[in-house]
Amino acid sequence: MKRIAALIGRTAVSCWHHGSPRFPPLPAWTPGPPYTCPQIRHLAAKQNKGQFKGQKIKSKPVKLEKQQKQEVEIKQRMTVSELAKAMNKDIDHVYEALLNTDVILDEMEPDTMLEEKWIKEAVKRSGMKHKWAKLVETKVRENKDIQRQPPPDPAQLVPRAPVVTIMGHVDHGKTTLLDSLRKSQIAAQEAGGITQHIGAFRGTEHLNIPQHTFTDFLYPQRPVPIIVAVNKCDKPQADPQRVKEELVGHDVICEEFGGEIQAIHVSALKGDNLLELAEATVTLAEVLELKGDPTGLVEGTVIESRSDKGKGPVTTAIIQRGTLRKGCTLVAGKCWAKVRFMFDEYNQTVSEAGPSIPVEIVGWKDLPSAGEEILEVESEQRAREVVEWRSYMEEQDKMKEDLQAIEAKQKQHQESYKKDRESMAHLSWRQRRAALYRANKHKLSHRLSEKTETEELTLPIIVKGDVDGSVEAILNILESYDADDQCELDVVHFGVGDISERDINLAETFSGTIYGFNVAANKSVQQMAAKKGIPLRLHRVIYKLIDELKDELSSKLTPSTEENIIGEASVLATFDVTVGKKKIPVAGCRVQKGQLDKKMKFRLIRGRNILWEGSVTTLKHLKDDVLTVKTGMECGLSLDNEELEYKPGDEIICYSEAEIKQKISWDPGF
């Protein structure tokens, strides 16, 4: 509105300068020759007529030159700043030219894309004419992306180890199972015995076939065979049969029910039947005849990524094709790497990794996301070309989305504007102007009140994690948030690594909270957060982080008030008592239920109407001041409103109020 007001003021001044009350003003933005009025010339001729009496004055015909309009080269799509430049005007001129149109000026910025009709309208209103810019043959940008290789020659395939994914609910024993399988103590080292992110290892069991196990990871949209490990069967209340019967409802049919899925009863804690589980896995792998191609360019998948202080960006990856060696150039998403080092699950350097081998890769320029496809390219230059192309395509897609959003909003505005105009068609222009002003004022007030209410019930948060997979897991949980009607949850930033001063400054900007998982905040960062009043919620267990987030969301909610009726009394008679020079009305009552407590709140009811709510100033039994009056007893009381008039039959309710804390309705599932 300020922009519109400023433009209107500027236009008014320009009109007063160029025109006069008798003649219509020239447009403020149209340069032209001095305005000459034919009426003025005619009057001057009449005045001169008396001075040259008897002389015949010959007037020469005035040849008026046709004013040449400035031509503006336009394109089908132009931003506000591009149009202003083409017109050789400033940006405010374009805003001014589009006054009183369907264009929403308050939402317009220099980089706002204008439709063709508004470009033409602005040019026309500026006293100019448009011409289409010459089409320049732009060279179509060559697709520089890289794709997976064609399927390999079956003759090149060699047997490979299976990739096994262990999946299960929180605290169902996945880490303990892994620990028992590889004879390590990972579960004891992790907080609360719960795995927070992906663990990868390569081990050898009794058949001398390497096993590769990954926790909580599964190739998306790819059917894979399943083995059911019914864990914690050592517990007295365990009922494996019931578990297998319930799985049928999820189309997981075990062998004993006529299906093809093996079900093994195990105890990861005691090591029961783990050998049988390993044999079932190996047998299934042999039946599947898994093979891989160790030749050609490397292909793989990022399992997780993290930022290491000594190594820089590090990814854990599973190789699916080719053999990865030091010096290979890789691309994953919009990131690329020249492999400097590779490490196995024991942090030992390895020289190469073939199909099905999990490996840590060091040498990334940026941190790719978990799940990104890894592809090898022949050179660093080629890697840069791929990354640049993918970044370019992402920008193009974003521009298309933005343009669609702008067009949809403009269409919505035009329809609303047309509807408003139609409803005011019977009004005069003055009445229309007044009605529009009132409507806009109401909308602005409504927006401001909505904004204030939303700001009060919004929780901005920043999420930091030790690895990309952890952050992704937390964000996936937050995607299930469905309580925006109670309190909005706004993730303003997320990333990998320890809490930094930048995170503190960002949280201060949004008045937010920082949630960190398996990350640290050094002393200076903690002091900075304390000084700025930024809460730091650092956790090592995901579900505890989510629990604290739920508590913070609940604390934002307005408490509900619960009312508890303590006593009820009926007014039997009314009389006045003189205190000093004042007459105070008193109600003579009998307590019908419960008791009246002077410290509590009171309510006066007549019929079905509540006449008053407040407190009692005086409560007497006989002539004594009392604090409570019980059932069946009579009393006299006066209320804190001396203007009230009591009537026999009125009811007086004594009650207490208690604030009940609200709880957020969001259920993340654990």
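In every chain, residue numbers begin from 1 and rise along the written sequence. The predicted origin of the model limits local features to residues at a pLDDT of at least 70 and limits the giving and counting of side-chain atom pairs to 80 or more, whereas totals for whole chains, interfaces and linings rest on all residues. Hydrogens are left out, water is left out, and the side-chain values use all remaining heavy atoms of the structure.

A. Structural detail: the overall build of the protein chain. Each helix is a run of H or I in the DSSP string that is no shorter than four residues. Each strand is a run of E no shorter than two, and both are numbered from the N terminus. Broken down by element type, the protein chain carries 15 helices and 32 strands. Burial classes follow relative accessibility: with a 1.4 Å probe on protein chains only, a residue under 20% of its type's maximum area counts as buried, one over 50% as exposed, and anything between as partly exposed. A burial count over the protein chain gives 35% of its 670 residues as buried. By definition, residues are in contact when any of their heavy atoms lie within 4.5 Å. Here the contacts in the protein chain between residues at least 6 apart in sequence split such that 70% fall between residues at least 24 apart. All accessible areas in this document rest on Shrake-Rupley with a 1.4 Å probe, and a residue is counted as covered only by the protein chains that are shown. Per element, the accessible surface of the protein chain, about 42100 Å² overall, is 51% carbon and sulfur.

B. Representation of the packing of aromatic side chains. Under the pairing criterion, centres of Phe, Tyr and Trp rings, with the six-membered ring standing for Trp, must be within 6.5 Å; the plane angle then separates stacked pairs below 30 degrees from edge-to-face pairs above 60, leaving the rest tilted. Enumeration over the complete set of coordinates arrives at three aromatic pairs. Considering the side-chain rings of W389 and Y392, the 5.7 Å spacing of their centres and the 40° angle between planes classify their relative orientation as tilted. Residue W389 and its partner Y392 are both found in helix α10 (residues 380–423); the two are separated by three residues, about one turn of the helix. On the basis of relative accessible area, W389 is assigned to the buried category, the value being 9%. Pairing Y481 with W666 gives two aromatic rings, centres 5.2 Å apart and planes at 70°, and the pair type is edge-to-face. Taken together, the residues span a long stretch of sequence, with Y481 in the loop between α12 (468–478) and β21 (488–496) and W666 in the segment after β32 (651–660) at a distance of 185 residues. Here, over-ring charges are defined by two tests on the NZ atom of lysine or the CZ atom of arginine: distance to the ring centre within 6 Å, and angle to the ring normal within 35 degrees. Over the ring of F343 we find K311; its NZ or CZ atom is 3.9 Å from the centre of that ring. The lysine or arginine in question, K365, covers the ring of W336, its NZ or CZ lying 5.1 Å from the ring centre.

C. A look at unusual backbone geometry. Of note, N88 is a non-glycine position whose phi angle comes to about 60°, a positive value. Counting through the fold element by element, N88 comes out in the loop between α3 (80–87) and α4 (91–97). If you check the backbone angles, N518 has positive phi at about 55° while not being a glycine. Among the secondary structure elements, N518 is positioned in the loop between β22 (513–517) and α14 (523–532). Judged by relative accessible area, N518 falls into the partly exposed class, the value being 29%.

D. Here's a closer look at the packing of α12 against helix α15 (residues 542–556). Axes, fitted as lines to C-alpha atoms, cover a helix only where it is in contact. Angles between the N-to-C directions of the axes lie from 0 to 180 degrees. Relative orientation of the contacting elements α12 and α15 amounts to 40°, with a least axis distance of 11 Å. Judged by the inter-axis angle, α12 sits oblique to α15. Seen along the crossing, α12 lies across α15 with a hand that is right-handed. On α15, the residues that touch A473, I474, I477 and L478 of α12 are I542, L545, I546 and L549. Nonpolar residues are Ala, Val, Leu, Ile, Met, Phe, Trp, Tyr, Cys and Pro. Charged residues are Asp, Glu, Lys and Arg, and all others, Gly as well, are polar. Across the contact of α12 with α15, the residue classes tally to eight nonpolar, no polar and no charged. Should an angle fall under 35 degrees it is taken as roughly parallel, and over 145 as roughly antiparallel, whereas 65 to 115 is taken as roughly perpendicular and any remaining angle as oblique. Crossings are classed by handedness, with left-handed meaning an anticlockwise turn of the near helix from the far one by less than a right angle and right-handed meaning a clockwise turn.

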